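Next come the chains, spelled out residue by residue.
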Amino acid sequence: MRKLNLGIVGITGLVGQTVLEILKTSSLPINSLHLYASSRSKGKTVEFNGELLVIKELNENSFNDPLDIVFFAVESDLAQKYAPIASKKGIYVVDNSSAFRMQADIPLVVPEVNAHVLKADNYLIANPNCSTIQSVVALKTVHELFELTDVVYTSYQALCE
């Protein structure tokens, strides 16, 4: 497999940091990693596999960098603005926000459950929220055993003011 050029949009947030930690232990063949955040974080550095990477400011030109896949870990408004720019350039976008979850033309994917729906030209994919992902992975097995017809699911999210 060829080495991939990856990006993380929202590197300074909790989700972006988690993506970075996962990549550190991943077996993905990584050629380069590009990190993006707001202007407040521009120029700061992040350690990745023994190398200090400089955070770049997210803007319309960010996706001129050599990227194969970019992980979006930002609020919906930023994802709606920037994810289409990246995907139109032929960069695969995995969006963690709620921006594209209910759009019929954008696959909503949990790899352990429905990776088979992906096609080579799906340059923008969404993933469900964290509690849904955990649930559907477990429910897939229950469904295979007992053929579920309905699931009523409620989650309670913390709110900080």
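For the structure itself, look to the data block above.
Our subject in this report is the structure included herewith.

Reading guide: rules and limits
- Residues numbered from 1 in each chain as written.
- Predicted model: local features only at pLDDT ≥ 70, side-chain atom pairs only at ≥ 80, totals over all residues.
- Heavy atoms only, no water.
- Patch = residues over 30% accessible without salt bridge, like charges linked within 9 Å, V, L, I, M, F, W, Y side chains within 5 Å.
- Areas by Shrake-Rupley, 256 points an atom, 1.4 Å probe, with all protein chains shown as cover.
- Salt bridge = Lys/Arg side-chain N within 4 Å of Asp/Glu carboxyl O.
- Helix = DSSP H or I, 4+ residues; strand = E, 2+ residues; numbered from the N terminus.
- Buried < 20%, exposed > 50% of the residue type's maximum accessible area, 1.4 Å probe, protein only.
- Contact = heavy atoms within 4.5 Å.
- Polar contact = N/O pair within 3.5 Å; in protein donor to acceptor, adjacent residues only side chain to side chain.
- Pairing = 2+ DSSP bridges.
- Right-handed = clockwise from strand over helix to strand, strands pointing away.

1. A word on a nonpolar patch on the surface
And step 1. Residues Val-142, Leu-145 and Phe-146 make up a contiguous nonpolar surface patch of about 330 Å² in total accessible area.
And step 2. Position of Leu-145 relative to the elements: it lies in helix H4 (residues 130-146).

2. Details of unusual backbone geometry
And step 1. Here Asn-49, not a glycine, exhibits a phi torsion of approximately 50 degrees, which is positive.
And step 2. In this fold, Asn-49 is placed in the loop between strand E3 (45-48) and strand E4 (51-57).
And step 3. A positive phi angle is found at Glu-147, which is not glycine, with a value near 50 degrees.
And step 4. The exposure class of Glu-147 is exposed, given its relative accessible area of 62%.

3. Looking at the environment of Val-136
And step 1. With respect to the helices, strands and loops of the structure, Val-136 is situated in helix H4.
And step 2. Using a relative accessible area of 26% as the deciding quantity, one classes Val-136 as partly exposed.
And step 3. Taking the C-alpha atoms as reference points, Val-136 and Tyr-156, 20 residues apart in sequence, are found 17 Å from one another.
And step 4. Residues in contact with Val-136, not counting those within four places in the same chain, are Val-110 and Val-113.

4. A word on the side chain of His-34
And step 1. Positionally, His-34 belongs in strand E2 (residues 30-37).
And step 2. Reaching out from His-34, the side chain makes a polar contact with the side chain of Lys-56 at a distance of 2.9 Å.
And step 3. Residues contacting His-34, with those up to four places away along its chain left out, are Leu-6, Gly-7, Ile-8, Lys-56, Asp-65, Pro-66 and Leu-67.

5. Overview of the environment of Asn-59
And step 1. Structurally, the position occupied by Asn-59 is in the loop between E4 and strand E5 (69-72).
And step 2. Asn-59 gets classed as partly exposed once you look at its relative accessible area, which sits at 25%.

6. Some words on the pairing of strand E1 (residues 4-9)
And step 1. Taken across its six residues, E1 has six buried, putting it largely inside the fold.
And step 2. Sheet topology note: the E1/E2 ladder contains six bridges and is parallel. Bridge assignment links Leu-4 to a residue of E2, and that residue is Ile-30.
And step 3. For the segment spanning E1, helix H1 (residues 14-25) and E2, crossover handedness is right-handed.
And step 4. Of the strand pairs in this sheet, E1 and E5 are connected by four bridges, and their pairing is parallel. Looking across to E5, one finds that Leu-6 is bridged to Ile-69.

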